Amino acid sequence: MNHSTRPEVYHQIISLREQVEYHNHRYYILDDPEIPDRDFDFMLGELESLELAHPEYATSNSPTNKVGALPSRGFGTVIHATPMKSLGNAFSEREIQDFDRRVRELVGSDNPVDYIAEPKFDGLAVSLCYEKGWLVQAATRGDGTQGENITQNMRIVLKDMTLIQGNAVPAKLEVRGEVIMLRKDFDALNEAQRQSGQKLFANPRNAAAGSLRQLDPAITASRPLRIFCYALGDVSGNHEFKTHADSLEWIRSSGLPVSDQIETVQGAEGCLGYYHKMLKNRDNYPFEMDGVVYKVANLDWQEQLGFTAKAPRWAIAYKFPAQEVTTRVEAIDIQVGRTGAITPVARLIPVFVGGVTVSNATLHNRNEIRRLDIRVGDSVIVRRAGDVIPEIVSVIQSRRPDNTVEYAFPEQCPVCNSRIVYQGEEVIARCSGGLYCHAQKVQSIIHFVSRKAMDIDGMGKKIVEQLVSEGQVNTVADLYRLDVGTLSSMEGKAEKSANNLVEAIDNSRTTTLARFIYALGIPQVGETTAETLAETFADLDFLMDAGEAQLVEVPDIGPVVSGNIVAFFGQPHNQEVIHDLLEQGINWPREELVSETSGEFSTSMESNPFRGKTVVLTGTLSITRDQAKSMLKQAGAKVIGSVSKRTDYVIAGEQVGSKAAKARSLEVPLLDEAQFLEMLGEHELTSQ
Ligand code: IVH
């Protein structure tokens, strides 16, 4: 034996034990793990294999021989009648095949073994003891031998399930299960925590554990916790079940929740099939699973197989790929959006998590940076669950290198040096440079040409960057002055593609009012709002003239957006660019004044009182809005949704509101339904 290596291995073992103890404490006692579960599993696995290879250093009090952690002070202690053991973990198909082979060998079966396949709920294990049907004690797993007395809190979670249903209730009964928090409840809880400036939970498991292990039951009562039961513990009397499935069925019939995702499968093959099915649907379940569990179905065989020091030989957990991993922050960059919004972004050493490679994660705003206390060089936990964008959950403080410095949020825009101003309780930062800022200019042009806006095919980010940098394009109107010569002289642009681009620019001249409004990039005016505005005002001039009071009357537009719209059109620079764009031939089909008029009416259009008039409908008419609208359109009127001084008539039905009042104040003629129909009737008479 090489003596010089021994002390090194010894120190490695001691160091790993210390780390495992530390992380056990954070996970089980503080409900505040510092590293992802998977990192912990690997650390423990490493310690186990070192102890196996060097039995001279193995001791009975190594954390490899323990389950969980001792109960924490504060709760009373409960001794489990039968120990609450852990489960062995598998991370590969091979390990499942090995498990199945071991089981078959030990029970001496040549045929495929039946297993009960269950979700592995990611929560907190509890034991529930009932006497004569009543809950008398509930406990956490603790170190497997003794747990914490959480009876009071579990009564809150169990509600009416503190009394077992049915006739054949054993005098004494222990049910085991997992307390969890649904994903949607976790999101809502974290949002509430964020709003009230309290600590966020890293994931639903921590939220569930932290909510249940509360000394103040009022806190537990305020948290939405649930339980899934997955096994019987100690049961008195002659409740003879043949299979684990029978016992689950009995638990279900007693009124306690059992997952309906549980199946009986055959052999390793059946186990693997179940794993892939559950993994594929992982994100569709309302709760988090960190894998699946297989249990030998036959209870006699379970007894025959028995337990190792830590776990049953008749069950194993097959873990899903990690949704939380660790990586390092290489830089914190600032991105400037088209409206000047400043977003800090963490550049990460790329990691594979939740099915994708992640190399950037948004840090949202400076509050988030403060909350995380994230620094360049930090080790962080990145989480990606479902199709949610990856996020940094926490910084691993104990792994912070010595020389890190607190991140200082910039006071000036890193692109144009303009001052950064703060809005929304000083959380949202904006570059005050407006279109003077290169970044804002480029982003706003990219938005203007994008598919849902002016849809200029072939005008990508790179070319916009280049055109702006070279001074060819300063405002979006300049795009319409570009020619093939200029474009083909650009880096990497062949003449053919320059031709195509000019054609695409040209085609974009004819658009719709909604697209044009959206393309302008007014803060918080997305496609839907742009469509509503186009429909309501029908004419760009009307929209540009609208005041805030008029805008807030438009459905789904509140004071913030109307303020943004008024501010946008109030800026002389924006007015100039819009004017320039119209000069460049941007056009859209105007609300047709006469084209919808059918042939029979067209002869006497001259005499029609509504021809060319702008009309607003309000209140309830005896005919439908759509009918009134189409009658007016046929008569050559433009029907819009908002009253201004340019409105010619307001037609008011029953139960009118602010629009009629507005008409009165602006001295716009108000017509009631009878007057309206009379005017139309005259027209119809004269037109026939
Ligand atoms: S059976 C003796 N079934 O996983 C076997 N455990 O890593 C006892 N868990 O402590 C456990 N879902 O907290 C079992 N369907 C399931 C489970 C499950 C989640 C938890 C439980 C256990 C831990 C072991």
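Refer to the structure above for everything that follows.
Residues numbered from 1 in each chain as written. Predicted model: local features only at pLDDT ≥ 70, side-chain atom pairs only at ≥ 80, totals over all residues. Heavy atoms only, no water.

With respect to the helices, strands and loops of the structure, Thr 404 is situated in the loop between strand E16 (391-395) and strand E17 (420-423). Judged by its relative accessible area of 13%, Thr 404 falls in the buried class. A polar contact is formed between the side chain of Thr 404 and the side chain of Arg 375, at a distance of 3.3 Å. Aside from chain neighbours lying at most four places away, what touches Thr 404 is Arg 375, Val 376 and Asp 378. (Helix = DSSP H or I, 4+ residues; strand = E, 2+ residues; numbered from the N terminus. Buried < 20%, exposed > 50% of the residue type's maximum accessible area, 1.4 Å probe, protein only. Polar contact = N/O pair within 3.5 Å; in protein donor to acceptor, adjacent residues only side chain to side chain. Contact = heavy atoms within 4.5 Å.)

For the structure on display, the rule yields 34 salt bridges. A salt bridge links Arg 213 to Glu 148, with the shortest nitrogen-to-oxygen separation between them at 2.6 Å. Here Glu 148 lies in strand E6 (residues 146-148) and Arg 213 lies in the loop between helix H6 (204-212) and helix H7 (217-221), a separation of 65 residues in the sequence. Between Arg 383 and Glu 324 there is a salt bridge, with its nearest N and O atoms 2.9 Å apart. With Arg 383 in strand E15 (residues 379-383) and Glu 324 in strand E12 (residues 324-336), the pair connects residues that are 59 residues apart, well separated along the chain. The pair formed by Arg 383 and Glu 324 is uniform in burial state, with each residue classed as buried. (Salt bridge = Lys/Arg side-chain N within 4 Å of Asp/Glu carboxyl O.)

Here the structure, examined in full by the defined rule, presents two cavities of 30 Å³ or more. Empty space within the largest cavity amounts to approximately 270 Å³. Elements supplying a minimum of two residues to the lining of the largest cavity: helix H2 (37-53) and strand E10 (289-296). Its residues assigned to classes, the lining of the largest cavity comprises six nonpolar, two polar and 10 charged. If you add up the space inside the second largest cavity, you get close to 40 Å³. Looking at the second largest cavity, the residues that line it are Pro 33, Ile 35, Pro 36, Ala 202, Asn 203, Asn 206, Glu 324, Ile 381 and Ser 394. Here the residues of the lining of the second largest cavity sort into five nonpolar, three polar and one charged. (1 Å grid on protein atoms, 1.4 Å probe; cavity = no way out; pocket = protein on both sides within 12 Å on 5 of 7 lines; lining within 4 Å. Points joined across faces, edges and corners; volume = space filled by probe spheres on them. Nonpolar A, V, L, I, M, F, W, Y, C, P; charged D, E, K, R; others polar.)

Time to look at the side chain of Thr 618. Assignment of secondary structure puts Thr 618 in strand E19 (residues 614-618). Setting aside anything within four residues of it in sequence, one finds Thr 618 in contact with Arg 625, Val 650, Ile 651, Ala 652, Gly 653, Val 656, Gly 657, Lys 659 and Ala 660.

A few words now on the sheet that holds strand E9 (residues 263-266). In a beta sheet, neighbouring strands are held together by backbone hydrogen bonds and run either parallel or antiparallel to one another. Read from one edge to the other, the open sheet built from five strands follows the order E2-E11-E10-E3-E9, with strand pairing classed as mixed. The strands lining the two open edges of the sheet, one partner per strand, are strand E2 (89-90) and E9. Contacts from helix H3 (residues 93-107) reach E2, strand E3 (114-121), E10 and strand E11 (315-319) within the one sheet, and its direction differs from that of E11 by about 170°. (Pairing = 2+ DSSP bridges. Axes fitted to C-alpha atoms, helices over the stretch in contact; angles between N-to-C directions.)

Below, the discussion takes up the site of the ligand. As a structural note, the neighbourhood of the ligand is formed by 14 residues, with Glu 118, Pro 119, Arg 141, Glu 178 and Lys 295 the closest of them. In this structure, a nitrogen atom belonging to the ligand sits 3.0 Å away from a main-chain N or O atom of Pro 119. Tyr 230 places a side-chain nitrogen or oxygen 3.4 Å from an oxygen atom of the ligand. Looking at the shell around the ligand, the elements with two or more residues in it are E3 and E10. Ranked by the residues each element gives to the shell around the ligand, the list is headed by E3, at four residues. Class assignment of the residues belonging to the shell around the ligand gives a composition of seven nonpolar, one polar and six charged. (Near = heavy atom within 4 Å.)

Right, let's talk about the packing of aromatic side chains for a bit. The geometry of two aromatic rings is summed up by the distance between their centres and the angle between their planes. Applying the stated criterion to the full structure yields 18 aromatic pairs. Relative to Phe 228, the ring of Phe 121 has its centre 4.7 Å away and its plane inclined at 10°; by these criteria the two rings are stacked. Residue Phe 121 is located in strand E3, and its partner Phe 228 is located in strand E8 (residues 226-235); the two are separated by 107 residues in the primary sequence. Residue classification places Phe 228 among the buried positions, given a relative accessible area of 15%. An angle of 15° between the planes, with centres 3.7 Å apart, marks the rings of Tyr 275 and Tyr 318 as stacked. Of the two residues, Tyr 275 sits in helix H9 (residues 267-280) while Tyr 318 sits in strand E11, which places them 43 residues apart along the sequence. Assessed through its relative accessible area of 6%, Tyr 275 is described here as buried. Through a chain of ring-to-ring contacts, three or more aromatic side chains come together here, namely Phe 121, Phe 228, Tyr 285 and Phe 287. (Phe/Tyr/Trp six-rings, centres within 6.5 Å; stacked < 30°, edge-to-face > 60°.)

A few words on the pairing of E19. Of all the five residues making up E19, five are buried; the element is thus mostly covered by neighbouring parts of the structure. On E19, burial covers both faces: Thr 614, Val 616 and Thr 618 on one face and Val 615 and Leu 617 on the other are all buried. One ladder, built from three bridges, connects E19 with strand E20 (residues 638-640); its direction is parallel. Each bridged residue has a counterpart across the sheet, and for Val 615 the counterpart in E20 is Val 639. Crossover connection from E19 via helix H23 (residues 625-634) to parallel E20: handedness right-handed. By the bridge criterion, four bridges tie E19 to strand E21 (residues 649-652) in an arrangement that is parallel. Each residue of the ladder has a partner; that of Val 616, found in E21, is Val 650. (Right-handed = clockwise from strand over helix to strand, strands pointing away.)

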